[in-house]
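# Notes for the structure review
The primary structure of each chain is shown beneath.
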Amino acid sequence: MTTLPLAVRLNNPGCIDRVKGVRWQGQAETQTHRRLVTYKGPEWGIRAMARVLITYQDKRRARDGSKIDTIREIIERWAPAVENDTGVYIGHVSKLTGIGADETIDVYRYEAMRPLVEAIIAHECAGYRYPEAVINEGLRLAGIKVPLAPLEKSRTIGAGKVASSGA
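What you see is a predicted model, and the numbers here were worked out from it, not measured in a lab. Counting of residues starts from 1 at the beginning of each chain's written sequence and follows it residue by residue. It should be noted that, the model being predicted, local features are given only for residues of pLDDT at least 70 and side-chain atom pairs only at 80 or more, the latter also being counted only at that level, while totals for whole chains, interfaces and linings use all residues. As a rule here, side-chain values cover all heavy atoms of the structure and leave hydrogens and water aside.

## Re the overall build of the chain
To keep it simple, the criterion reads: Helix numbers and strand numbers start at the N terminus; a helix is a DSSP run of H or I with at least 4 residues, a strand a run of E with at least 2. Accessibility here uses a 1.4 Å probe with only protein chains present; expressed as a share of the type maximum, an area under 20% marks a residue as buried, one over 50% as exposed, and anything in between as partly exposed. Contacts are assigned to residue pairs that have any heavy atoms within 4.5 Å of one another.
Helices and strands together make up the secondary structure of the chain, namely six helices and zero strands. Listed N to C, the secondary structure of the chain is α-α-α-α-α-α in terms of helices and strands. Relative to its full complement of 167 residues, the chain shows a buried share of 47%. Restricting to contacts in the chain with at least 6 residues of sequence separation, those with at least 24 account for 59%.

## Considering the packing of aromatic side chains
Aromatic ring pairs: the centre-centre distance and the angle between the two ring planes describe each pair. Selection rule: A pair of aromatic rings is counted whenever rings of Phe, Tyr or Trp (Trp by its six-membered ring) have centres within 6.5 Å, and the orientation is called stacked for planes under 30 degrees apart, edge-to-face for over 60 and tilted otherwise.
Summed over all chains, the structure comprises three aromatic pairs. Seen in terms of ring centroids, Y56 and W78 are 6.2 Å apart; in terms of plane orientation they differ by 75°. Their pairing is edge-to-face. With Y56 in helix 2 (residues 42-59) and W78 in helix 3 (residues 71-78), this pair connects stretches of sequence that are 22 residues apart. Looking at Y56, the relative accessible area reads 9%, which means it is buried. Classification of W78 by relative accessible area gives buried; the value is 12%.

## Looking at the layout of surface pockets
Put simply, the rule reads: Cavity and pocket criteria rest on a 1 Å grid covering protein atoms alone: a 1.4 Å probe that fits but cannot get out defines a cavity, protein on both sides within 12 Å along at least 5 of 7 lines defines an open pocket, and an atom within 4 Å of a point defines a lining residue. Grid points are joined across faces, edges and corners, and a volume is the space filled by probe spheres set on the points.
Taken as a whole, the largest pocket spans an internal volume of roughly 540 Å³. C15, I16, D17, Y56 and W78 are the residues nearest the centre of the largest pocket, which is lined by 20 residues in total. For the lining of the largest pocket, the secondary structure elements donating two or more residues are helix 2 and helix 3. Looking at the lining of the largest pocket element by element, the count peaks at four residues for helix 2.

## Overview of the pattern of salt bridges
Oppositely charged side chains may form a pair once their charged atoms are brought near each other. Which entries qualify depends on this criterion: For salt bridges, the criterion is a side-chain nitrogen of Lys or Arg within 4 Å of an Asp or Glu carboxyl oxygen.
Evaluation of the coordinates by the stated rule reveals nine salt bridges. For E29, the salt bridge is made with R23, and the minimal N-O distance between the two is 3.1 Å. You can call E29 exposed: its relative accessible area is 66%. Close ionic contact of R63 with E76 constitutes a salt bridge, the shortest N to O distance being 2.7 Å. Placement of the pair is R63 in the loop between helix 2 and helix 3 and E76 in helix 3, with a sequence separation of 13 residues. Overall, R63 belongs to the exposed group, its relative accessible area being 74%. Members of the salt-bridge network, linked through shared partners, are D17, R35 and E83.

## With respect to helix 6 (residues 132-141)
Every α-helix winds through 3.6 residues per turn, so residues three or four apart in the chain are directed the same way. Burial in helix 6 covers these residues: V134, I135, N136, G138 and L139. With its phi angle positive at about 95°, G143 sits one or two positions after the end of helix 6.

Nothing here speaks to function; it is geometry throughout.
This is how it looks when you write it as C-alpha cells:
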C-alpha cells in the first residue's frame, strides 16, 4: 500500500503553514496537523498557493528590494534556506517549468502560474500530480483566468518553455 504524501492528505499541496489569526477560504473546520493548514479539498489548497504567489508579486520584496517576479525570488521566499535546500528547489522548479531561474514571470498569467504551481506541488509532494481540472479549479478560485482550451502539451510542466510576462 502506498501512502500519499502528508501535504496531499491535508489537501495542502504547497505545504502552507498555519498562522494564528489567519483563516483561509476553503480551510477545513477541523485542523488535523499542528503546523500545516488542512483544506476542504485540493482545489482550495491550490487556490491558497496561487494567492500566496500573487501576494509575493504584489506586496513582498526580494532580498535586493526588487519585486518578487522570478523563480529564484519566489522559491527563496516560499522555501527559505533555513529549512530547505533552496538551490536544489529553484533548479527543480526551473527544470519542470522550463522557465529560467532568473527569467521574469507574471503570476497573473495562467501560462506562468499553472506550471509554477504544478512544479511546486511536484517538489513538495514527491512528484505527486493532480488532474488538470483540479489545478484549473484552484487557479480559477484564486482569480486566475483559465482558458477554455487546455494548454498545448508543449507548454505544460516538464515539456519546454513557458510564456513569461510580455505579450
